[in-house]
Each structure stands twice: as C-alpha cells, then as structure tokens.
Amino acid sequence: MSEQPGPVGPVDPRELRVSDAERTHVVNVLQKAIGHGMLSLDEFTERTDKALAAKTRGELNAVLVDLPGVTHTDTRAPVREKPVELRASFATLKRTGNWAVPRELVIYNRLGSTDLDFSEARIPHSEVRIELNCGGGSVRLVLPDGASVVHDEVRMTAGSIKDKVGGGTGRPRFVLSGSVTAGSLVIRRPSYVRIGNLLIHSSLRITRAAD
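Below or above, wherever it landed, is the structure these notes cover. (Residues numbered from 1 in each chain as written. Predicted model: local features only at pLDDT ≥ 70, side-chain atom pairs only at ≥ 80, totals over all residues. Heavy atoms only, no water.)

To continue, consider the packing of aromatic side chains. When we look at a pair of aromatic rings, we describe it by the centre distance and by the angle of the planes. In this structure the tally under the stated criterion is two aromatic pairs. A ring pair is formed by tryptophan 99 and phenylalanine 118, whose centres lie 5.3 Å apart and whose planes are at 35°; its orientation type is tilted. With a gap of 19 residues between them, tryptophan 99 in the loop between β2 (92-95) and β3 (104-110) and phenylalanine 118 in the loop between β4 (113-117) and β5 (127-135) connect regions that are remote in the sequence. Here a set of aromatic residues connected by ring pairs shows up, and it is made of Trp99, Phe118 and Phe174. (Phe/Tyr/Trp six-rings, centres within 6.5 Å; stacked < 30°, edge-to-face > 60°. Helix = DSSP H or I, 4+ residues; strand = E, 2+ residues; numbered from the N terminus.)

What follows is the structure, given as structure tokens:
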C-alpha cells in the first residue's frame, strides 16, 4: 500500500501571488511617496519597474519597506498628491526612453530647455496633468501615438505654441495649464525615419516596418 502524501504546511504569505490590481495599488502608493518628497523621480521609476514585475507579495512589499506611514486607503479612486516638480534654470532637462510618468508634473523653466519624450514611457494613468511655469527658454513634449492633448488653460505672453498633435479623445490625455512667458512650447508626435523595411525612432530605437 503506497503512502499518502502528508498535509501541506501553511504557505508563507510572502510567497502568495499578486494580481495586477495589487501592483497598480503599490504604484499609487509610490506616487504618494514621491509627492511627499520621500522618493526622487529616478527612485520612483526604479521601484515602479520592480512593482510591475513583482510576482509575489514579498517582492511587491520590498519596494515599500523603507517608506513608513505611506498608505493608500481608497483603491477605487486615485489619491490627489503633490505634483512632481521638474526644474531647468539656465540648463537642459531631458526625459526619454522607458521612464515612469507620474500623474501630475510641474515644469519650472527659467531660460532653460525642457525636453520630455513620453513616446516610449510607462504611463499607468489615463490622464497626465502638466503645469507650466516658464519664463524664457523652451519646452518640448513628444506624446505617444494615439494620445491627445488639451492646452486651452496655458497662458502665453510674448511666446509661441506649436501644437502638431491637436485635440482628440485618445488616451492617455495630456492636460496642460500654467503660463509661458517669452518662451516656446512645442507639442508633437515621435518622428520616424524609414530605411528599407526598418523604422528608426527619434530615440534611435530600430523596429521592423509593417509590410
């Protein structure tokens, strides 16, 4: 008579599998932490990568272990947090590639250049709000294919705006507000160069073109 396997012991809670909803919940917690100044934008990006790749509770909780007091009490609606600030004063600020985009951004530009390429970024939100506070210099926003933009609330003084995207209803939707004085705002789609059956993205990423 063969032996029956014994009872399986209790599963370590850290080894329990996590769902997409739990990963999204932790990303919202990280968003709250960056709003409190507990994480830099680079740290937020790194931890968001780990959270979205986590398979177990232990892996998911590891990105929160040093963030005491940060909770997300209502998972039915996003928590309104302090926007992430980006500053360029007599300097050039760039974001490109696979970076994590917070729900709200404030751009302070003083005679500098701010270049934000969202075309290959990770955007877990259906809407991204960007407040402009720019005096001189330039701001360039490269939006993903299919995204839409609204900039009716941007106040332009002795400046210029060039919108190559237009309105639309696509997602994510970028909602711009604030002011640009003696500067320029350019909003466009990513550009591609075709060589044979290859497409070269403006970030120099190469893909194969559809026939």
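Right, let's talk about the pairing of β4 for a bit. On a regular strand, each side chain points to the face opposite its neighbour's, so the side chains alternate between the two faces of the sheet. In terms of residue burial, β4 counts as a mostly covered element, since four of its five residues are buried. Of the pairings in the sheet, the one linking β2 to β4 comprises four bridges and is parallel in character. Opposite arginine 95, over in β4, you have leucine 116 as the bridge partner. Of the strand pairs in this sheet, β4 and strand β6 (residues 138-142) are connected by five bridges, and their pairing is parallel. Bridge pairing links aspartate 117 to valine 142 in β6. (Buried < 20%, exposed > 50% of the residue type's maximum accessible area, 1.4 Å probe, protein only. Pairing = 2+ DSSP bridges.)

The subject of this paragraph is the pairing of strand β10 (residues 184-188). In this structure, β6 lies alongside β10, joined through five bridges in parallel fashion. Residue valine 139 lies in a different strand from β10, and its bridge partner there is leucine 185.

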